[in-house]
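# Summary of structural features
Spelled out from the first residue to the last, the chains are:
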Amino acid sequence: MSNNENLRRIAVDPVTRVEGHGKITLLLDEANHVREARFHIVEFRGFEKFIQGRPYWEVPYFVQRLCGICPVSHHLAAAKAVDQLVGVDELTPTSTKLRKLLHFGQTMQSHALHFFHLSSPDLLFGFGSNLEHRNIIGVIEDFPDLALKGVRLRKYGQQVIEVISGKRIHGAATVPGGMNKALTIEERDRLLADINDVLTWAQEAVDLNEKIHTSHPENHGFGRLNSNYLSMVGDKGELELYHGGLRANKSDGSSIFDQFDYRGYYNIIREEVRSWSYMKFPYLTELGRDDGWYRVGPLARINNCDYIATPLAEAARKSFKAFGNGGFVHDTLAYHWARMIEVLHCAEAIRDLLLDPEILGTDLVMKGEKREEGVGVIEAPRGTLFHHYKVNEDGTIKKANLIVSTTSNNQAMNESVRSVANEYLDGNEITEGLLNHLEVAIRAYDPCLSCATHALGKMPLEVELIGADGEAVDRIEKASSGAINRTL
Amino acid sequence: MNNNADKIIKIDGVDVPFKDGQTIMDAALAADIYIPHLCHKPGLSPHGSCKLCTVDVNGRPASSCTMPASEGQEIANNTPALNEVRKSITQMLFIEGNHLCPSCEKTGDCTLQAIGYHLGMLDGHFPQFYPRREVDASHGSLVLDRDRCIMCELCVRASRECDGKNVFTISGRGTNRHLIVNSDSGKLVDSDIELEDMAAHICPVGAILIKDHGYEVPIGRRTFDIHSVAETDLDDVILTKVRHHDE
């Protein structure tokens, strides 16, 4: 345990170009070695509490308001739990396919937004490049074709969501045991009209990411963590985003568990509360509190799966795997590459679903005997998402537990911040470049603490360096205009 | 004596015929003229409580649902000044309860919400009350969510006048007014309300809900996706729409 009295504290508050509010604090000893790195989530939501007493069928609609970027994920995870509450373990084939289609659209739009709008400026211009140019506007100026394709990829994902749920954000799609609307031939054909372009853009995004990673060997160690990985896989071990068993592997690829029925998730995952963050710290029960932390999300999924069922994405996965010499890729920045492989998979899967005659079916709702408990798990864009509800006899919610994807990456983000700070912090001089390196590490995870708004670097930021004697040694402020001022 | 043909009131300068015994609202609805209202439903006794249907009758404000039509009335209805007051009334109805439209299953089918849109209401304007109100989910087929109750008493009257029961009433005063159930326990399960009752379906907001149902009508096909609240024959449309849950 650190003796904090002899350490200096640096605070990055708030972290920018992520959504929502978080801050970084670093504690450094007299030799500038990072002794403690913390990524704090300072916003509090409280959904688990205030849905208590509400009717169960309202839950998927209530909890999707957790997020403006991935509402579909919360909607579907809750809907899967609500299916169990009404005694339905398997939907009609058409409803399952409609939900998958909705989810692929969601994953595509969220991933495209994150890579092109938020992270590509760091990767295209360099982490310490000119701040005023290091944003989406800079990308549009220097790489207009790329930026436009990114915008269009996201738009297509949103169109898929709109067709199925009636709105691009916060629509209405699920009912207990099924879906509320069939897909019409006209809607299907409208989506099919653009799918070949979407496939091309997604392939280009994968190629770009591969190039970024292979041509910048200096970044291989950036925030790198030899971590455990948790994700859902299909019954043959394939990449699966909507429904499957849980798989956890150690960093060397050895199995911790596989094809675990997620309805018993509380037997394999525990959550630790720490006083300095509103976000919990989950860990794998089997490995314990110190060693059981793990990573979720695109990197975990692409590392963990045995194969991808669609050919273009599978070819991309093989290149990814070769980059890791056949083993797991632990580079934190490889999250971006894995994310784009998933976009390509989504594009292929959307095409296949649209061409499947069953997608146009009208048998949408199943019924069953009511139960008192339901667990819904889904691979949200940012990782494995758990929704667990218990209901009273009158159908109102008695208890809810949500483990949101970003929560699972909490320890990992902290470790990555520590790793980057150790490598890049140089003396007492704080530079905007250093500041951004810390944020680049966090952005790679696409944290969903940020669910509410994309600040696009416009949020004010303050970094303060405090000497071991408690005096402020240096202070830099970034104004909402982007201007950097040394204020000490 | 023939009372049917000759008598006329003027609403916004338009001649509107009426029969003896009709209110201004009755005459307006018959002439396809919309006067915003929430607590009025043809077939139930007029109530005059929501005050949205306030019009100027010969320069003096009056509730059109309770004011008898009489020869020579010059009535101002669709004026900017009256609609501004109606908007304020609607805003007060919103902030007095807990109306979370985004997650409410009545969204798109809610008359209060539709009137808010109709009157150009963009926010609640007044500070939110955030009252603590009890949800009663005790009944096998119905849920009473008092968060959304606007005290229009349509359910009170429907139960008494159409269903031949006396399930609901309003209790308390001022900001403590709330809908109660006339049963020994105060719970819906111990009342004699049934799913088939008019009172179970008449709520213009999301206060009385059909259990285990919701969000079944997709966006684009909900009542106010395809109808304007100003359509004067909307009551039947709404009742037909909610009753499909019974099937």
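Summarised in this report is the structure supplied together with it. (Residues numbered from 1 in each chain as written. Chains lettered and ligands numbered in written order. Predicted model: local features only at pLDDT ≥ 70, side-chain atom pairs only at ≥ 80, totals over all residues. Heavy atoms only, no water.)

## What about the overall build of chain B?
The criterion, for reference: Runs of H or I in DSSP of at least four residues are treated as helices and runs of E of at least two as strands, each being numbered from the N terminus. In this treatment the radius of gyration is a C-alpha quantity, and the globule benchmark scales as 2.2 Å times the residue count to the 0.38 power. Partly exposed residues are those whose accessible area sits between 20% and 50% of the maximum for their type, while under 20% is buried and over 50% is exposed, using a 1.4 Å probe and protein chains only. Note on definitions: a residue-residue contact is assigned when non-hydrogen atoms from the two residues lie within 4.5 Å. When charges are tallied, Lys and Arg are placed among the positive residues and Asp and Glu among the negative ones, while His and the ends of the chain are skipped. The location of each charge is read from NZ of Lys, CZ of Arg, CG of Asp or CD of Glu.
Looking only at helices and strands, one finds six helices and ten strands in chain B. A compact globule built from 247 residues would reach a C-alpha radius of gyration of about 18 Å, and chain B, at 18 Å, matches this within 12%. Counting over 247 residues, chain B shows a buried share of 53%. Counting only contacts in chain B whose residues sit at least 6 apart along the sequence, the fraction spanning at least 24 positions is 62%. Chain B carries 24 positive and 36 negative side-chain charges, and their two centres are separated by 5 Å.

## Some words on the overall build of chain A
Counting its secondary structure elements, chain A contains 15 helices and 17 strands. Out of the 488 residues in chain A, the part that is buried amounts to 64%. Intrachain contacts of chain A at a sequence separation of at least 6 include 68% that bridge at least 24 residues.

## Some details on the pattern of salt bridges
One side chain can pair with another of opposite charge once the charged atoms of both are near each other. All names here are of chain A. Definition in use: Counted as salt bridges are all cases of a side-chain nitrogen of Lys or Arg within 4 Å of a carboxyl oxygen of Asp or Glu.
As enumerated under the stated definition, the model contains 40 salt bridges over all chains in all. Two residues, Asp-89 and Arg-263, come together in a salt bridge whose shortest N-O distance is 3.9 Å. Taken together, the residues span a long stretch of sequence, with Asp-89 in the loop between α3 (71-85) and α4 (93-125) and Arg-263 in the loop between β8 (255-260) and β9 (269-272) at a distance of 174 residues. Residue class for Asp-89 comes out exposed when judged on its relative accessible area of 53%. On the basis of relative accessible area, Arg-263 is assigned to the partly exposed category, the value being 39%. Note that Glu-342 and Arg-301 form a salt bridge whose closest N and O atoms lie 2.5 Å from each other. With a gap of 41 residues between them, Glu-342 in helix α12 (residues 334-354) and Arg-301 in helix α10 (residues 298-304) connect regions that are remote in the sequence.

## Observations regarding the sheet that holds strand β6 (residues 228-233) of chain A
Residue and element names in this part refer to chain A. Worth spelling out the cut-off: Strand pairing requires that DSSP identify at least two bridges connecting the strands.
Read from one edge of the open sheet, four strands run β8-β7-β6-β11, paired in mixed fashion. If you trace the sheet from one side to the other, it starts and ends with β8 and β11 (294-295), each paired once. Relative to β11, β6 runs parallel, the two sharing two bridges. Paired with Asn-228 across the two strands is Tyr-294, which belongs to β11.

## Looking at the packing of aromatic side chains
All names here are of chain A. Quick note on the threshold: The criterion for an aromatic pair is that two Phe, Tyr or Trp rings (for Trp, the six-membered ring) have centres within 6.5 Å, with stacked assigned to planes under 30 degrees apart, edge-to-face to planes over 60 apart and tilted to the rest.
The full count for this structure, using the stated rule, is 16 aromatic pairs over all chains. Ring plane angle 50° and centroid distance 4.8 Å describe the contact between Phe-47 and Phe-50, whose orientation is recorded as tilted. Residue Phe-47 and its partner Phe-50 are both found in helix α1 (residues 47-50); the two are separated by three residues, about one turn of the helix. A residue is classified by how much of its surface remains accessible, and Phe-50, at 41% relative accessible area, is partly exposed. Ring geometry for Tyr-229 and Phe-328: centres 5.6 Å apart, planes at 85°, overall edge-to-face. Here Tyr-229, found in strand β6, pairs with Phe-328, found in the loop between α11 (311-323) and α12; they are 99 residues apart in sequence, far enough to count as distant. Each member of the pair, Tyr-229 together with Phe-328, is buried. The structure contains a cluster of three or more aromatic residues connected by ring pairs, namely Phe-47, Phe-50 and Phe-62.

## Considerations on the interface of chain A and chain B
How we decide: What counts as buried area is the accessible surface, traced by a 1.4 Å probe, that two parts surrender upon association, with contributions from both included. Nitrogen and oxygen atoms within 3.5 Å of one another constitute a polar contact, given that in protein one can donate a hydrogen and the other can accept it, and given that sequence-neighbouring residues count only through two side-chain atoms.
In this assembly, 21 residues from chain A lie in contact with 21 residues from chain B. Together chain A and chain B conceal approximately 1700 Å² of surface at their shared face, both sides included; 58% is due to carbon and sulfur atoms. Summed over the shared surface of chain A and chain B, the number is four salt bridges. One salt bridge in this structure joins Asp147(B) and Arg54(A), with 3.6 Å as the shortest N-O distance. On inspection of chain A and its partner chain B, the count reaches eight residue pairs in polar contact (both at pLDDT 80 or more). Elements with a minimum of two residues in the side of chain A that touches chain B: α2 (59-63) and β4 (174-175) of chain A.

## What to know about α3(A)
Residue and element names in this part refer to chain A. Test applied: The span you would expect from a helix comes to 1.5 Å times its residue count less one.
Taking 1.5 Å as the rise per residue, α3 with 15 residues should run 21 Å; its terminal C-alpha atoms sit 21 Å apart, in good agreement. For α3, a buried count of 15 out of 15 residues is recorded, marking the element as mostly surrounded by other parts of the structure. Positioned one or two residues after α3, Gly-87 has a phi angle of 75°, which is positive.

## Details of unusual backbone geometry
Residue and element names in this part refer to chain B. Positive phi, close to 60°, is recorded for His-125, a residue that is not glycine. Structurally, His-125 can be placed in the loop between α3 (111-118) and β6 (135-136). With a relative accessible area of 58%, His-125 lands in the exposed category. Residue Tyr-130 is not a glycine yet carries a positive backbone phi of 45°. For Tyr-130, a relative accessible area of 61% gives the class exposed.

## Considering the pairing of strand β13 (residues 383-391) of chain A
All names here are of chain A. With eight of nine residues buried, β13 lies mostly within the body of the structure. Note that strand β12 (residues 373-380) and β13 share eight bridges and pair antiparallel. Across the sheet, residue Val-377 finds its bridge partner in β13, namely Phe-386. Counting the residues that bridge the hairpin from β12 to β13 gives two residues. Here β13 runs beside strand β14 (residues 397-403); their pairing, made up of six bridges, is antiparallel. Counterpart to Phe-386 in the pairing with β14 is Ile-403. The antiparallel hairpin formed by β13 and β14 contains five residues in its connecting segment, where Gly-395 sits at a positive phi of about 90°.

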